[in-house]
Amino acid sequence: MSVIKTKPVILADAPVNDDTLNLVARIPTDQLLEIIEEGFFTKLTDEDMMRIAVLLAQKSYEEGGCAIGGVVRDNETGLILGKGHNRHIQEDRLYWHGETDAYNDAFRSCNPDFSKATAYTTLTPCSVCTALTFSHGFNRIVIGNRLDGVNQENEDLLRAKGVQVDILEDEMGKALYAKYAAEKPEQDTRDWQGQAGVVRAGLVGHDCALHR
């Protein structure tokens, strides 16, 4: 019995814009090359990859979660190996950040050599994601929002561990995160500082959605 192969929806010469990048963000990683020609990925810039991460953060925001996204890209081929967004609210987990989701997605999809990949994240990583980044051998991470130096020590630690840290601010991503943090301050604080941070900030009970 012959297998019918469908034609890609996005061709290599398709324009790179928020519409096409949003499709990349929403399509499961293991289906990307069935729907999008490989040549489309090879022409994407760091700015485009960061925008995909931002659109993943938008997806999380729409789901009621924390507005943070991440992408893993192969340095040689330019292909996306993994992508994800913060899910700890949606899945009622103690911890599941955008970087975590993207790294796990890449591991499930192809178990890549992370030393030959670049990580993109919409926010300077927390301590746990920082450790995951250098312990799995990434040689480069690109950060889209530094929040005026919040978690600067994690950027310093990554550099000390031999990881190249590049800052590539995405204004759409910064605006989205600011909106989210203003709307759900307890959820935002809990995400990267835990319950202790919520108590220190006096935000207990501020976001009713967390108490279900």
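What this report covers is the structure whose coordinates are included nearby. Since we're looking at a predicted model, the values are computed, not measured.

**Overview of helix α5 (residues 98–110)**
Step number 1: For α5, which comprises 13 residues, the first-to-last C-alpha distance of 18 Å matches the rise-based estimate of 18 Å (1.5 Å per residue) to within 8%.
Step number 2: Buried residues along α5 sit against β1 (69–74), β2 (80–85), β3 (117–121), α6 (127–135) and β4 (140–143).
Step number 3: Following α5 by one or two positions, Asn111 has its phi on the positive side, about 45 degrees.

**Some remarks on the sheet that holds β3**
Two strands in a sheet stick together by hydrogen bonds in their backbones, pointing the same way (parallel) or opposite ways (antiparallel).
Step number 1: Spatially, the 5 strands line up as an open sheet ordered β2-β1-β3-β4-β5, and their pairing is mixed. Lying at the two open borders of the sheet, with one neighbouring strand each, are β2 and β5 (164–167). Averaged over all pairs of adjacent strands, the angle between strand axes in this sheet comes to 15 degrees, irrespective of strand direction.
Step number 2: Sheet topology places β1 next to β3; 5 bridges connect them, and they run antiparallel. When the bridges of β3 are listed, Val71 appears paired with Tyr120.
Step number 3: Here helix α4 (residues 46–62) sits on the sheet and contacts β1, β2, β3 and β4; the angle it forms with β1, its principal contact strand, is near 145 degrees.

**Remarks on the pattern of salt bridges**
Step number 1: Using the criterion set out here, one finds 14 salt bridges in the structure.
Step number 2: The partner of Asp101 in a salt bridge is Arg87, and the shortest N-O contact between them spans 2.7 Å. With Asp101 in helix α5 and Arg87 in the loop between β2 and α5, the pair connects residues that are 14 residues apart, well separated along the chain.
Step number 3: A relative accessible area of 4% places Asp101 in the buried class.
Step number 4: What makes Arg87 partly exposed here is its relative accessible area of 25%.
Step number 5: Among the salt bridges present, the one from Lys174 reaches Glu169, with a minimum N-O distance of 3.3 Å.
Step number 6: Residue class for Lys174 comes out partly exposed when judged on its relative accessible area of 24%.

**What about the packing of α6 against helix α7 (residues 152–160)?**
Step number 1: Look at α6 against α7: their axes get within 10 Å of each other, and the N-to-C directions meet at 10 degrees. One way to sum up the angle between α6 and α7 is to call them roughly parallel. Taken as a pair, α6 and α7 cross one another with a handedness that is right-handed. Facing α6, whose interface residues are Ser127, Thr130, Thr133 and Phe134, α7 presents Asn154, Leu157 and Leu158.
Step number 2: Among the residues forming the contact of α6 with α7, the class breakdown is 3 nonpolar, 4 polar and no charged.

Thresholds, definitions, all that
- Residues numbered from 1 in each chain as written.
- Predicted model: local features only at pLDDT ≥ 70, side-chain atom pairs only at ≥ 80, totals over all residues.
- Heavy atoms only, no water.
- Helix = DSSP H or I, 4+ residues; strand = E, 2+ residues; numbered from the N terminus.
- Expected span 1.5 Å × (residues − 1).
- Contact = heavy atoms within 4.5 Å.
- Pairing = 2+ DSSP bridges.
- Axes fitted to C-alpha atoms, helices over the stretch in contact; angles between N-to-C directions.
- Salt bridge = Lys/Arg side-chain N within 4 Å of Asp/Glu carboxyl O.
- Buried < 20%, exposed > 50% of the residue type's maximum accessible area, 1.4 Å probe, protein only.
- Parallel < 35°, antiparallel > 145°, perpendicular 65-115°, else oblique.
- Left-handed = near helix turned anticlockwise from the far one by under 90°.
- Nonpolar A, V, L, I, M, F, W, Y, C, P; charged D, E, K, R; others polar.

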